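Now for the letters of each chain:
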Amino acid sequence: MNCYACKTGEAKLVYDTLVSHEDLGRTYSAYRCASCQAGFLFPRITYDEIEEEFYGDDYHVYRATQRGKGFFTWLKLKIRKIVLDHFLGYGPRHLLASFLYAFFLRVSYYPRRKAGGKVLDVGCGTGKYLGYLRELGWDIYGIEPSRRGVAIAVSSGFPNIVQGSSPDIPFADVTFDVVNMHHVFEHIDDPDPTLQAINRVLKPGGEAIITVPNFGSLASRVFGRYWGGIDLPRHFFYYNIPSLRVVLKKNGFSPVEMYFSDTIRGFASGLSYVLTRNMRSSIEKYCLPFCIALDLLIDPLVQRWGLGDSMTIKAVKV
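If you're wondering where the values come from, they're calculated on a predicted model, not measured in any experiment.

Q: Quick question: what am I supposed to make of the overall build of the chain here?
A: Summing up its helical and strand segments, the chain has ten helices and eleven strands in all. Here the C-alpha atoms of the chain give a radius of gyration of 19 Å, agreeing with the 20 Å that 2.2 N^0.38 yields for 318 residues. Its C-alpha atoms put the chain at 50 × 45 × 40 Å along the principal axes. Relative to its 318 residues, the chain shows a buried fraction of 53%. When the accessible surface of the chain is totalled, it reaches about 14,700 Å², and 57% of it is carbon and sulfur. Side-chain charges of the chain comprise 37 positive and 31 negative groups, with the mean position of each set lying 7 Å from the other.

Q: Looking at this structure, I do not really get the packing of aromatic side chains. What am I missing?
A: Each pair of aromatic rings is reported with the distance of its centres and the angle of its planes. Evaluated as defined, the whole model comprises 22 aromatic pairs. Between the aromatic rings of Phe 87 and Phe 104, the centroid separation amounts to 4.6 Å while the plane-to-plane angle is 25°, which identifies the pairing as stacked. In this pair, Phe 87 is assigned in helix 2 (residues 71-88) and Phe 104 in helix 3 (residues 101-106), connecting sequence segments 17 residues apart. Across the pair, exposure class does not vary: Phe 87 and Phe 104 are buried alike.

Q: Can you help me understand the sheet that holds strand 1 (residues 11-19) in this one?
A: In a beta sheet, neighbouring strands are held together by backbone hydrogen bonds and run either parallel or antiparallel to one another. The strand order 1-2-3-9 describes an open sheet built from four strands, whose pairing is antiparallel. Of all strands in the sheet, those bounded by a partner on one side alone are strand 1 and strand 9 (237-238). Both strand 2 (residues 27-33) and strand 3 (residues 39-42) contribute to a ladder of four bridges, which runs antiparallel. Bridge pairing links Arg 32 to Gly 39 in strand 3.

Q: How should the packing of helix 9 (residues 265-276) against helix 10 (residues 282-302) be read in this particular structure?
A: The axes of two packed helices give the description: the angle between them and the distance between them. Relative to each other, helix 9 and helix 10 sit at 155°, their axes nearing to 7 Å. It follows that helix 9 is roughly antiparallel to helix 10 by the angle criterion. Considering how the two elements wind past one another, helix 9 and helix 10 form a crossing that is right-handed. Where helix 9 approaches helix 10, its residues Arg 265, Ala 268, Ser 269, Leu 271, Ser 272, Leu 275 and Thr 276 are matched on the opposing element by Ile 283, Glu 284, Cys 287, Leu 288, Cys 291, Ile 292 and Asp 295.

Q: Where do I start with the pairing of strand 7 (residues 176-182) in this structure?
A: Successive side chains on a regular strand alternate, one facing one side of the sheet and the next facing the other. Burial analysis of strand 7 places six of its seven residues in the buried class, which makes it a mostly covered element. In this sheet, strand 7 lies alongside strand 4 (residues 118-122) in parallel orientation, the contact comprising three bridges. Of the residues in strand 7, the one forming a bridge with Val 119 is Val 178. Here strand 7 runs beside strand 8 (residues 202-213); their pairing, made up of six bridges, is parallel. Bridge assignment links Phe 176 to a residue of strand 8, and that residue is Leu 202. Tracing the backbone out of strand 7, into helix 6 (residues 191-201) and back to the parallel element strand 8 gives a crossover that is right-handed.

Q: For this particular structure, what's the right way to read helix 5 (residues 147-155)?
A: Side chains three or four residues apart in an α-helix point the same way, a direct result of the helix having 3.6 residues per turn. Here helix 5 has its buried residues at Gly 149, Val 150, Ile 152 and Ala 153. The buried side chains of helix 5 occupy one side of the element, clustering within an arc of 165° when seen end-on. Along helix 5, exposed side chains directed more than 90 degrees from the buried face belong to Arg 147 and Ser 155. Where the residues of helix 5 are buried, they touch strand 5 (139-144) and strand 6 (161-163). Two or three places before Arg 148, at the start of helix 5, stands the capping residue Ser 146, its side-chain oxygen 3.2 Å from that residue's backbone nitrogen.

Q: Just to check I follow, could you spell out the pattern of salt bridges for this structure?
A: Think of it this way: side chains of opposite charge can pair up when their charged atoms draw near. A full pass over the atoms with the stated rule returns ten salt bridges. A salt bridge links Glu 10 to Lys 12; the nearest nitrogen and oxygen atoms lie 3.0 Å apart. Residue classification places Lys 12 among the partly exposed residues on the basis of a relative accessible area of 46%. Residue Arg 200 pairs with Asp 173 through a salt bridge whose shortest N-O separation is 2.7 Å. With a gap of 27 residues between them, Arg 200 in helix 6 and Asp 173 in the loop between strand 6 and strand 7 connect regions that are remote in the sequence. Among the charged side chains, a network of salt bridges with common partners joins Lys 7, Asp 190, Asp 192 and Lys 250.

Q: Where do I start with the sheet that holds strand 8 in this structure?
A: Pairing is mixed across the open sheet formed by seven strands, whose spatial order is 6-5-4-7-8-11-10. The sheet is open, and its two edges are formed by strand 6 and strand 10 (253-261), each paired on a single side. Looking at each pair of strands side by side, their axes are set apart by 15° on average, direction ignored. In this sheet, strand 6 lies alongside strand 5 in parallel orientation, the contact comprising three bridges. Along strand 6, the bridge assignment pairs Glu 144 with Gln 163. Against the sheet, helix 5 contacts strand 5 and strand 6, and its axis sits at roughly 160° relative to strand 6. Contacting strand 4, strand 7, strand 8, strand 10 and strand 11 (310-317), helix 6 runs over the sheet at an angle of about 145° to strand 8.

Parameters at a glance
Residues numbered from 1 in each chain as written. Predicted model: local features only at pLDDT ≥ 70, side-chain atom pairs only at ≥ 80, totals over all residues. Heavy atoms only, no water. Helix = DSSP H or I, 4+ residues; strand = E, 2+ residues; numbered from the N terminus. Rg over C-alpha atoms; globule rule 2.2 N^0.38 Å. Buried < 20%, exposed > 50% of the residue type's maximum accessible area, 1.4 Å probe, protein only. Areas by Shrake-Rupley, 256 points an atom, 1.4 Å probe, with all protein chains shown as cover. Lys, Arg positive; Asp, Glu negative; His and termini not counted. Charge placed at Lys NZ, Arg CZ, Asp CG, Glu CD. Phe/Tyr/Trp six-rings, centres within 6.5 Å; stacked < 30°, edge-to-face > 60°. Pairing = 2+ DSSP bridges. Axes fitted to C-alpha atoms, helices over the stretch in contact; angles between N-to-C directions. Parallel < 35°, antiparallel > 145°, perpendicular 65-115°, else oblique. Left-handed = near helix turned anticlockwise from the far one by under 90°. Contact = heavy atoms within 4.5 Å. Right-handed = clockwise from strand over helix to strand, strands pointing away. Arc of directions from axis to C-beta. Polar contact = N/O pair within 3.5 Å; in protein donor to acceptor, adjacent residues only side chain to side chain. Salt bridge = Lys/Arg side-chain N within 4 Å of Asp/Glu carboxyl O.

Here is the structure:
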């Protein structure tokens, strides 16, 4: 069959009879394109088919969250501010930041500072990320398919969030300096209409920032069919460096920066699934702090090989 990402390459079966513990009675397969290297779910389904069952009130993106308090929250925000100042121009450069590059990799999906800039977050959930961007001086907008997510966001003080789907972004052409999709693009059942819509609303030279699970990560190679990034059946596509570059260039973008993080964190969900057949079991929660601590040591060392489980690509509108 033809690849559903690049639409031209021939796809071959890589994993058959994949089973989701939440989707009893249905099995899936994963195919990989011989040309662009994208992986994808088969048989094909759409967001609308699984919205009720798999994006309910308990889905983590739609839980109302409040910023924590205490020393560790203060320290986390302080480090974030230092690395954003140093690496993305939100403030003065810091001598300390050279030793905090691993922390920057974890927030590399933030845009570079732009005075008076407008940003659109596609799949913004309840607006948590937009809240941080507003504090950094951005004029913030969002689009979210879940009515519950939009309701929580609006009631939390984010009036410029609308309900809708990514191929039909309801904003005027040439409006935004940045469009962000943070762990959303893999949930889109066809990349082309979404990227074309993003291209339309971006200003010339505007930036698309896309973060996805990395199909070329170390965890993906180790765990194979049990890799957490497969996340049946929510994730329709499994992108790596070549495939993401192909779909971006095809739709009028030039990739300029790539960052990788969570090299070891991906092992937590893989291990959970191997042992319990449940990627969200308590085993993952117990492993997570240890994996994140290791990532702070390992991520910078393997950045050049692109082995992190989370991949962010920044691309400008051509």
